[in-house]
Amino acid sequence: MTATLVAKDVAGGFAHRTLFEGVDLTVAPGDVVGVVGANGAGKSTLLRILAGELEPLAGTVSVAPADAFVGWLPQEHERIPGETTAAYIARRAGCTQATAAMEAAAAALADPAPGQPDPAEAYAVALDHWLATGAADLDERLPAVLADLGLDTDAVRPDTTEMTALSGGQAARVGLAALLVSRFDIVLLDEPTNDLDLDGLERLERFVGELRGPVVLVSHDREFLARTVTRVLELDLAQNTTTVYGGGYESYLEEREVARRHRREEYEEFAERKADLVARARTQREWSSQGVRNAIRKAPDNDKIRRRAATESSEKQAQKVRQMESRIARLEEVVEPRKEWTLQFTIGAAPRSSSVVATLDNAVVRQGDFVLGPVSLQVAAGERIGITGPNGAGKSTLLRLLLGRRQPDEGRASIGSSVAIGEIDQARAEFTGSERLVDRFEQRVPDWPTADVRTLLAKFGLGADHVERAVDDLSPGERTRAGLALLQARGTNVLVLDEPTNHLDCPPSNNSSRLSTATTGRCCW
């Protein structure tokens with residue numbers, strides 16, 4: 001189906017805070033719009049509004065035709081206990097909901113209730129939607145996709161393996177599988193590159209490039225944006241503006257730089273002009289006052305002609321002052337561009353640990369049919385180790401083994417003395433739950449006064465509005481910032497980063513190279 005998504009003057013945010021406003025966007029077939037902006041600018045909120053999951057604070061969102069199938073894939077995988085990978089894919093692709101709606105319509109058709117709308121018409125609509133989602137042949141299409149993604153192994157059995165048993169990378173691949181089997185008319189993707197290895201990223205890029213319908217995606221991955229998007233919507237948190245840039249990502253970077261330079265030049269020209277007029281008005285005012293004083297001091301009482309001339313001169317100076325003030329008032333005000341917030345922090349240091357941080361000796365871990373090892377490894381103080389590998393290879397499992405959080409089923413694992421671990425884990429588990437952010441942070445640093453906690457969090461872009469909110473209400477990027485703040489607050493001598501670049505924003509740059517970091521295929525810098 002050919003579909004179009006239209007947003008008119010859309011504003012989004014919370015009841016007490018507007019994140020963005022005035023968004024005008026039309027996404028037609030073949031368009032791939034990339035939404036960029038700092039953490040907390042409202043990118044995920046915008047996608048939820050476009051998907052119909054959240055009401056806008058102002059404006060309207062419409063799709064044409066009205067029955068177009070809009071698919072929204074949020075950045076965090078909602079893993080329901082007991083749900084198998086196959087059931088998760090069906091739900092995420094919209095097939096489960098369409099099947100339930102069709103079955104409910106069929107039941108109403110078999111036993112119509114008096115006074116209700118025509119059940120035959122409702123069933124026809126539900127059936128059409130069920131067919132449009134691809135639910136009819138999902139069971140036939142799914143095995144080939146799973147096999148192509150390596151998700152039909154002994155370790156992952158789609159019909160029996162639960163989503164809660166998968167690693168972050170495996171869950172990301174399952175999410176990619178749901179996208180590949182979906183039949184969305186309009187696709188909304190929120191941070192789709194998170195946790196994917198390089199092979200998964202290439203598949204995702206190819207899929208987005210081959211889509212015929214409209215696509216709106218949020219990403220901090222510069223290369224993914226450069227290779228996929230045709231337009232860019234920037235939510236500028238610092239300037240409180242929303243701007244649509246034509247062309248791809250590279251074109252956006254160039255136009256953005258030119259526009260910002262022009263705004264700075266316009267403001268500097270305005271400020272210089274205003275300062276000059278103010279200075280001239282001040283000089284005219286001083287001359288007028290000085291002329292009056294001189295006339296009073298020098299003019300004799302009976303010299304009326306000289307007194308009149310001096311008075312006329314002072315009145316002319318006063319008139320010039322009024323003219324200058326009028327010119328200042330007529331100047332068109334140019335607002336000074338706000339400086340962008342920049343994160344600068346240091347990681348707190350703990351006393352030095354033993355020279356050997358962790359040791360594995362023929363360690364083996366078994367998780368169902370998955371086996372990691374045997375692994376023999378020694379981590380020494382001062383070493384920098386990057387762990388790479390495809391999704392599901394056991395990178396996070398290896399980290400848990402090294403940190404003593406998982407005992408090997410065979411072999412031996414030990415951790416050195418005086419080891420103080422600072423960690424950004426893949427799930428950001430330190431900051432989940434219903435507690436306020438300030439309360440959760442204070443639990444982690446009980447010796448810190450509340451005022452110091454709030455000051456530190458503010459340095460990481462988490463102000464008064466953020467610290468009072470429940471941790472679960474924060475965006476993933478904001479929770480990652482809280483984790484970074486915790487690294488600064490607590491001393492550490494062993495730093496562990498598991499997919500640290502997930503969800504984090506980064507300043508736009510013309511350098512879109514992919515770099516490898518510990519346990520991540522690439523990052524945004």
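In the block above lies the structure referred to throughout.
Here's what I pulled together on the structure shown here. Note that the coordinates shown come from a computational prediction; the quantities given were computed from them, not determined experimentally. (Residues numbered from 1 in each chain as written. Predicted model: local features only at pLDDT ≥ 70, side-chain atom pairs only at ≥ 80, totals over all residues. Heavy atoms only, no water.)

As for the packing of helix α12 (residues 437-444) against helix α13 (residues 450-459)
Basically, it comes down to this: Under this scheme, a helix contributes an axis fitted over its contacting stretch, all axes are lines through C-alpha atoms, and angles between N-to-C directions fall in the 0 to 180 degree range. For helices the rule is a DSSP run of H or I covering at least 4 residues; for strands it is a run of E covering at least 2, with both sets numbered from the N terminus onward. Oblique is the label for every angle not falling under 35 degrees (roughly parallel), over 145 degrees (roughly antiparallel), or within 65 to 115 degrees (roughly perpendicular). Each crossing gets its hand from how the near helix is turned against the far one by less than a right angle, where anticlockwise is left-handed and clockwise is right-handed. What makes two residues a contact is simply this: any of their non-hydrogen atoms within 4.5 Å.
As a packed pair, α12 and α13 sit with axes 10 Å apart at the nearest point and diverge in direction by 110 degrees. Judged by the inter-axis angle, α12 sits roughly perpendicular to α13. The chirality of how α12 crosses α13 is right-handed. Contacts from L437, V438, F441 and E442 of α12 reach α13 at T450, V453, R454, L456 and L457.

Considering the pattern of salt bridges
As a reminder of what qualifies: The salt bridge definition used is simple: a Lys or Arg side-chain nitrogen within 4 Å of an Asp or Glu carboxyl oxygen. Whether a residue is buried, partly exposed or exposed follows from its accessible area with a 1.4 Å probe, protein chains only, as a fraction of its type maximum: under 20%, in between, or over 50%, in that order.
One pass over the structure, following the stated rule, counts 18 salt bridges. The salt bridge partner of D137 is R141, with a shortest N-O separation of 3.0 Å. Given the relative accessible area of 18%, R141 is considered buried. E205 is the partner of R227 in a salt bridge, and the nearest nitrogen-oxygen pair spans 2.8 Å. Note that R227 is positioned in helix α8 (residues 222-228) and E205 in helix α7 (residues 198-210), a separation of 22 residues in sequence. For E205, a relative accessible area of 9% corresponds to the buried category. Here the residues in one salt-bridge network are D148, R173, D199 and R203, joined through shared partners.

As for the packing of helix α2 (residues 85-92) against helix α3 (residues 95-110)
Viewed as axis vectors pointing N to C, α2 and α3 meet at an angle of 75 degrees, and their least axial separation amounts to 4 Å. With respect to their mutual orientation, α2 and α3 come out roughly perpendicular. Residues A87, A90 and R91 of α2 form the contact with α3, whose participating residues are C95, T96 and Q97.

Points about the sheet that holds strand β2 (residues 17-27)
Defined as follows: Strand pairing requires that DSSP identify at least two bridges connecting the strands.
The strand order β2-β1-β4 describes an open sheet built from three strands, whose pairing is antiparallel. Both outer strands of the open sheet, β2 and β4 (58-64), are each paired with one neighbouring strand and no more. Averaged over all adjacent pairs, the angle separating strand axes in this sheet is 15 degrees, with direction ignored. With seven bridges joining them, strand β1 (residues 4-14) and β2 adopt antiparallel strand pairing. Bridge pairing links A7 to L25 in β2. Sheet strands in contact with helix α1 (residues 43-51) are β1, β2 and β4, and its direction is about 130 degrees off that of β1.

Here's the deal with the nonpolar core
Let me state the cut-off plainly: Definition of nonpolar core: a set of buried residues of the types Ala, Val, Leu, Ile, Met, Phe, Trp, Tyr and Cys, connected through side-chain atoms within 4.5 Å.
Counting residues in hydrophobic clusters, the biggest one holds 50 residues, and the most contacted among them are I89, V208 and L217. Per-element tally for this core: the top contributor is helix α6 (residues 168-181), with eight residues. Those residues within four positions of I89 in sequence are excluded, and the remaining contacts are L142, L146, V174, A177, A178 and V181. A3, A7, V27 and L50 belong to the second-largest nonpolar core, a separate cluster that totals 23 residues.

Structural notes on helix α5 (residues 138-148)
Quick note on the threshold: Our arc is simply the arc of the directions from the helix axis toward the C-beta atoms.
Listed in full, the buried residues belonging to α5 are L138, R141, L142, V145 and L146. Seen along its axis, α5 keeps its buried residues to an arc of 130 degrees; they face one direction. Counted as exposed and oriented over 90 degrees from the buried face of α5: E140 and A144. Of the surrounding elements, those touching the buried residues of α5 are α2, α3 and α6. Just past α5, the residue G150 takes up positive phi, approximately 75 degrees.

Regarding the pairing of strand β9 (residues 241-246)
Note: strand β8 (residues 231-236) against β9, six bridges, orientation antiparallel. Residue pairing across strands places V232 opposite Y245, the latter belonging to β9. Between β8 and β9, which pair antiparallel and follow one another directly, the connecting turn spans four residues, one of which, N240, has a positive phi of 55 degrees.

Description of the sheet that holds β9
Spatial ordering of the open sheet is given by β5-β6-β7-β3-β8-β9, a layout of six strands whose pairing is mixed. For this open sheet the edge positions go to β5 (70-73) and β9, each flanked by a neighbour on one side alone. Taking each pair of neighbouring strands and ignoring which way they run, the sheet shows an average axis angle of 15 degrees. In this structure, strand β3 (residues 32-37) lies alongside β8, joined through five bridges in parallel fashion. Within β8, the residue paired with V36 across the bridge is E234. Against the sheet, α1 makes contact with β3, β5, β6 (186-190), β7 (215-218) and β8, and its axis sits at roughly 155 degrees relative to β6, the strand it touches most.

Concerning a negative patch on the surface
Formally: Residues enter patches when their relative accessible area tops 30% and they take part in no salt bridge; the joining distance is 9 Å for like charges and 5 Å for the nonpolar side chains Val, Leu, Ile, Met, Phe, Trp and Tyr. Method for areas: the Shrake-Rupley scheme with a 1.4 Å probe, in which residue coverage is limited to the protein chains shown. Neither His nor the chain termini are counted; the positive set is Lys and Arg, and the negative set is Asp and Glu. To locate a charge, take atom NZ for lysine, CZ for arginine, CG for aspartate or CD for glutamate.
There is a patch of like negative charges on the surface, built from E265, E266, E268, E269 and E272. Note that E268 resides in helix α9 (residues 249-298). Judged by relative accessible area, which is 44%, E268 ranks as partly exposed.

Some words on unusual backbone geometry
Look at the link from A64 to P65: it is a cis peptide, with omega at 0 degrees. Structurally, P65 is set in the loop between β4 and β5. In the Ramachandran plot, D9 falls in the positive-phi region, its phi being about 50 degrees despite a non-glycine side chain. By secondary structure assignment, the location of D9 is in strand β1. Take D9: its relative accessible area is 47%, and that puts it in the partly exposed class.

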